[in-house]
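Notes for the structure review
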Amino acid sequence: MLDEILHILAAAIISWILFVTVDIFFRLPEAGGVSGASAIAQDIKAGGGALAGGTMMGNIVCSPDASAGTLLAACGVYVAGIPGGLAAALMVFIGNRICHDPGYAGTTGAVIATFVIYGFTLVGFAATDFVAGMVIAILSIQGLSHAHASRLLARLWRVRQ
């Protein structure tokens with residue numbers, strides 16, 4: 001039981017680092033890439049948050065990005081291993097096109113997550129650890145405090161610049 005909890009916590013940390021790194025690499029904090037992202041960012045800024053972090057959070061809400069890609073990849077790996085993760089990446093790609101998202105953060109996140117998650121299954125983790133871990137990672141960005149999460153993301157964005 002304790003091992004499973006530790007695996008889920010480790011998976012949450014790995015997933016968080018993975019999806020935030022991919023989103024920052026694809027410059028999601030810089031500008032809203034899809035409809036609604038800028039409006040969400042402005043609302044978060046008005047609530048005491050940081051505009052750059054709010055923009056990234058707006059992108060997360062409005063289009064399949066690396067967080068959605070990572071979560072879907074974990075589900076895909078759980079269902080069918082690497083082919084399942086790659087099928088999830090294809091669905092994220094289609095979702096991005098439906099949302100008229102000009103980037104590929106979600107698809108890239110799903111592909112990378114597929115291989116990371118599968119690799120961890122070879123050393124004793126379960127894909128379900130990453131499903132639970134990714135839910136925790138998303139909750140830490142979108143569900144606890146928009147102001148604090150946006151400020152953290154903005155600080156990480158400044159490091160990239």
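Basis of the calculations
Residues numbered from 1 in each chain as written. Predicted model: local features only at pLDDT ≥ 70, side-chain atom pairs only at ≥ 80, totals over all residues. Heavy atoms only, no water. Helix = DSSP H or I, 4+ residues; strand = E, 2+ residues; numbered from the N terminus. Rg over C-alpha atoms; globule rule 2.2 N^0.38 Å. Buried < 20%, exposed > 50% of the residue type's maximum accessible area, 1.4 Å probe, protein only. Contact = heavy atoms within 4.5 Å. Areas by Shrake-Rupley, 256 points an atom, 1.4 Å probe, with all protein chains shown as cover. Lys, Arg positive; Asp, Glu negative; His and termini not counted. Charge placed at Lys NZ, Arg CZ, Asp CG, Glu CD. Phe/Tyr/Trp six-rings, centres within 6.5 Å; stacked < 30°, edge-to-face > 60°. Lys NZ or Arg CZ within 6 Å of the ring centre and 35° of its normal. Axes fitted to C-alpha atoms, helices over the stretch in contact; angles between N-to-C directions. Parallel < 35°, antiparallel > 145°, perpendicular 65-115°, else oblique. Left-handed = near helix turned anticlockwise from the far one by under 90°. pLDDT = per-residue confidence, 0-100.

1. What about the overall build of the protein chain?
Scanning the protein chain from terminus to terminus reveals 7 helices and 0 strands. For the protein chain, the N- to C-terminal ordering of α and β elements is α-α-α-α-α-α-α. Relative to a compact globule of 161 residues, whose C-alpha radius of gyration would be 15 Å, the protein chain shows 15 Å and is just as compact. Judged by the C-alpha coordinates and their principal axes, the protein chain covers about 45 × 35 × 25 Å. A buried classification covers 44% of the 161 residues belonging to the protein chain. For the protein chain, the share of sequence-separated contacts (at least 6 apart) that also reach a separation of at least 24 residues comes to 77%. If you sum the accessible surface of the protein chain, you get close to 7800 Å²; carbon and sulfur atoms cover 70% of it. Of the side-chain charges in the protein chain, 7 are positive and 8 negative, and the distance between the mean point of each set is 16 Å.

2. A short note on the packing of aromatic side chains
Applying the stated criterion across every chain yields a total of 5 aromatic pairs. Aromatic pair F93 and Y104: ring centres 6.1 Å apart, planes at 15°, arrangement stacked. With F93 in helix α4 (residues 66-98) and Y104 in the loop between α4 and α5 (105-121), this residue pair connects regions lying 11 residues apart in the sequence. Pairing F120 with F130 gives two aromatic rings, centres 5.7 Å apart and planes at 50°, and the pair type is tilted. With F120 in helix α5 and F130 in helix α6 (residues 127-142), this pair connects stretches of sequence that are 10 residues apart. Joined through ring pairs, the aromatic side chains of F120, F125 and F130 make up one cluster. The aromatic ring of F93 is capped on one face by R97, whose charged end is 5.0 Å from the ring centroid.

3. Considering the packing of helix α2 (residues 37-46) against helix α3 (residues 51-62)
Look at α2 against α3: their axes get within 7 Å of each other, and the N-to-C directions meet at 135°. By the angle between their axes, α2 is oblique relative to α3. Our pair here, α2 against α3, has a crossing hand that is right-handed. Note on element contacts: α3 touches α2 through L51, G54, T55, M57, G58, N59, V61 and C62, opposite A37, I40, A41, Q42, I44 and K45.

4. A closer look at the confidence of the model for the protein chain
Residues of the protein chain with pLDDT of at least 70 account for 96%, and the chain-wide mean is 88. Element-level pLDDT for the protein chain is lowest in α3, with a mean of 82, against a maximum mean of 94 in α5.

5. Topic: the environment of V135
With respect to the helices and strands, V135 occurs in helix α6. For V135, a relative accessible area of 46% corresponds to the partly exposed category. Separated by 10 residues in the primary sequence, V135 and S145 place their C-alpha atoms 15 Å from one another.

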